[in-house]
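# Examination of the molecular architecture
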Amino acid sequence: MNRPLVGISTYLEASARWGVWDLPAALLPAGYVRVVRESGGLPVLLPPDAPDAAAEVVARLDAVVVAGGPDVEPARYGAGRDPRTGPPAPERDAWEAALIGAALESGTPLLGICRGMQLLNVAFGGTLTQHLDGHGGPGGATGVFGSHPVTPVPGTRYASLVPEACEVPTYHHQAVDRIGTGLVASAHAADGTVEAVELPGAPWVLGVQWHPEAGDDLRVVRGLVEAVAPSREASLAEPVA
């Protein structure tokens, strides 16, 4: 039986090194590929492209993951730039916003991770807090995941996947401020930070502020894979003539 095809957005870096090479590259931490595969999906990497290609790309997928990455451009939610906000990535912002729009339009299951959750919130008209402490690496270390507990909101989709409070891998300095219209908060950190948002009902839309790909708990990503519509699963299982 064919596995659901899960597209994952990627970074486009001007310089990446491997072997003897130092070249521009589209890349993604391997943890994303691992958790999609271990959750029953077939991962496909989506390098940044022209936004008008997003609908065609999403039409060929069964689910979409918008991955973590650089800070969302504050102008997208009507804010000035805080000095602590990272460098802009306008091409990636535009591409991933188009992926989100295409997934919503087509009813394709959608998961936003860290930056992906923040961009999802912005897509619904929400805003972001441009800096907060205590959600990065231990002792403020860079490039190292920290951890803290998140508590689900009863009755939400996230709570149906992870009903108990649990420790999650975390590395971010921005978060949801005003929640976008139509979205609801479905998990919080101990300090009140919104740790998950979702769109009630259909389609299946969930954003988490932490990094499931950096841990071993597959329940969120498995929920995405299992949300693929039964009709699409049936069509995937049909033999090619």
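As a starting point, this report considers the structure included with it. Everything numeric here is computed off the predicted structure, so don't read it as measured data. (Residues numbered from 1 in each chain as written. Predicted model: local features only at pLDDT ≥ 70, side-chain atom pairs only at ≥ 80, totals over all residues. Heavy atoms only, no water.)

What follows deals with the overall build of the chain. Each helix and strand counted, the chain has seven helices and 13 strands in total. By the compact-globule yardstick of 18 Å for 241 residues, the chain fits well, its C-alpha radius of gyration being 17 Å. Once the C-alpha set of the chain is aligned to its principal axes, its extents read approximately 60 × 50 × 35 Å. Within the span of the chain, comprising 241 residues, buried residues form 49% of the whole. Counting contacts in the chain only where the partners sit at least 6 residues apart, residues at least 24 apart contribute 68% of the total. Accessible surface, the chain as shown: approximately 11,000 Å² in total, 58% of it carbon and sulfur. Across the chain, the centroid of the 15 positively charged side chains sits 2 Å from that of the 27 negatively charged ones. (Helix = DSSP H or I, 4+ residues; strand = E, 2+ residues; numbered from the N terminus. Rg over C-alpha atoms; globule rule 2.2 N^0.38 Å. Buried < 20%, exposed > 50% of the residue type's maximum accessible area, 1.4 Å probe, protein only. Contact = heavy atoms within 4.5 Å. Areas by Shrake-Rupley, 256 points an atom, 1.4 Å probe, with all protein chains shown as cover. Lys, Arg positive; Asp, Glu negative; His and termini not counted. Charge placed at Lys NZ, Arg CZ, Asp CG, Glu CD.)

This part covers the sheet that holds strand E11 (residues 184-189). If you walk across this open sheet you meet the nine strands as E4-E1-E5-E6-E13-E12-E11-E8-E9, and the pairing is mixed. Across the chains shown, the open sheet's two edge strands, defined by having one partner strand only, are strand E4 (42-46) and strand E9 (166-170). Strand-to-strand twist across the sheet, computed as the mean angle between neighbouring axes with direction ignored, equals 25°. Inspection of the sheet shows strand E5 (residues 63-66) paired to strand E6 (residues 110-113) by three bridges, in the parallel sense. (Pairing = 2+ DSSP bridges. Axes fitted to C-alpha atoms, helices over the stretch in contact; angles between N-to-C directions.)

Counting residues in hydrophobic clusters, the biggest one holds 30 residues, and the most contacted among them are Leu111, Tyr158, Leu206, Trp210 and Val220. Tyr158 has contacts with Val150, Pro152, Cys166, Ser186, Ala187, Glu198, Leu206, Trp210 and Val220, leaving out every residue within four places of it along the chain. Grouped together as the second largest cluster of nonpolar side chains are 29 residues, Ala54, Leu61, Val176 and Leu199 included. (Core = buried A, V, L, I, M, F, W, Y, C linked by side-chain atoms within 4.5 Å.)

With that settled, consider the layout of surface pockets. There is about 510 Å³ of room inside the largest pocket. Every residue lining the largest pocket is counted, 31 residues in all, and those nearest its centre are Gly69, Tyr171, His172, His173 and His211. Of the residues in the lining of the largest pocket, the class split is 11 nonpolar, 16 polar and four charged. The space that makes up the second largest pocket amounts to roughly 170 Å³. Looking at the second largest pocket, the residues that line it are Tyr11, Leu12, Glu13, Pro48, Pro70, Pro88, Ala89, Pro90, Glu91 and Arg92. Of the residues that constitute the lining of the second largest pocket, the class distribution is seven nonpolar, no polar and three charged. (1 Å grid on protein atoms, 1.4 Å probe; cavity = no way out; pocket = protein on both sides within 12 Å on 5 of 7 lines; lining within 4 Å. Points joined across faces, edges and corners; volume = space filled by probe spheres on them. Nonpolar A, V, L, I, M, F, W, Y, C, P; charged D, E, K, R; others polar.)

A negative phi holds for most residues other than glycine; trans holds for most peptide bonds. Between Ala202 and Pro203 the backbone carries a cis peptide bond, its omega angle lying at 0°. Along the polypeptide, Pro203 turns up in the loop between strand E12 (194-199) and strand E13 (205-208). Residues other than glycine seldom take positive phi values, yet Cys114 does so here, at roughly 55°. You can see Cys114 is positioned in the loop between E6 and helix H4 (115-123).

The next subject is the packing of helix H3 (residues 90-106) against H4. Between H3 and H4, whose axes approach to 10 Å, the crossing angle comes to 70°. On the basis of the axis angle, H3 is roughly perpendicular to H4. Of H4, the residues touching H3 (which contributes Arg92, Asp93, Glu96, Ala97 and Ile100) are Arg115, Leu119, Leu120 and Ala123. For the contact of H3 with H4, the residue count by class is five nonpolar, no polar and four charged. (Parallel < 35°, antiparallel > 145°, perpendicular 65-115°, else oblique.)

On to the side chain of Gln118, then. Position of Gln118 among the secondary structure elements: in helix H4. One polar contact links the side chain of Gln118 to the main-chain carbonyl oxygen of Gln174, over a distance of 2.9 Å. Those residues in contact with Gln118 that sit more than four places away from it in its chain are Val72, Leu128, Gln174, Ala175 and Gln209. (Polar contact = N/O pair within 3.5 Å; in protein donor to acceptor, adjacent residues only side chain to side chain.)

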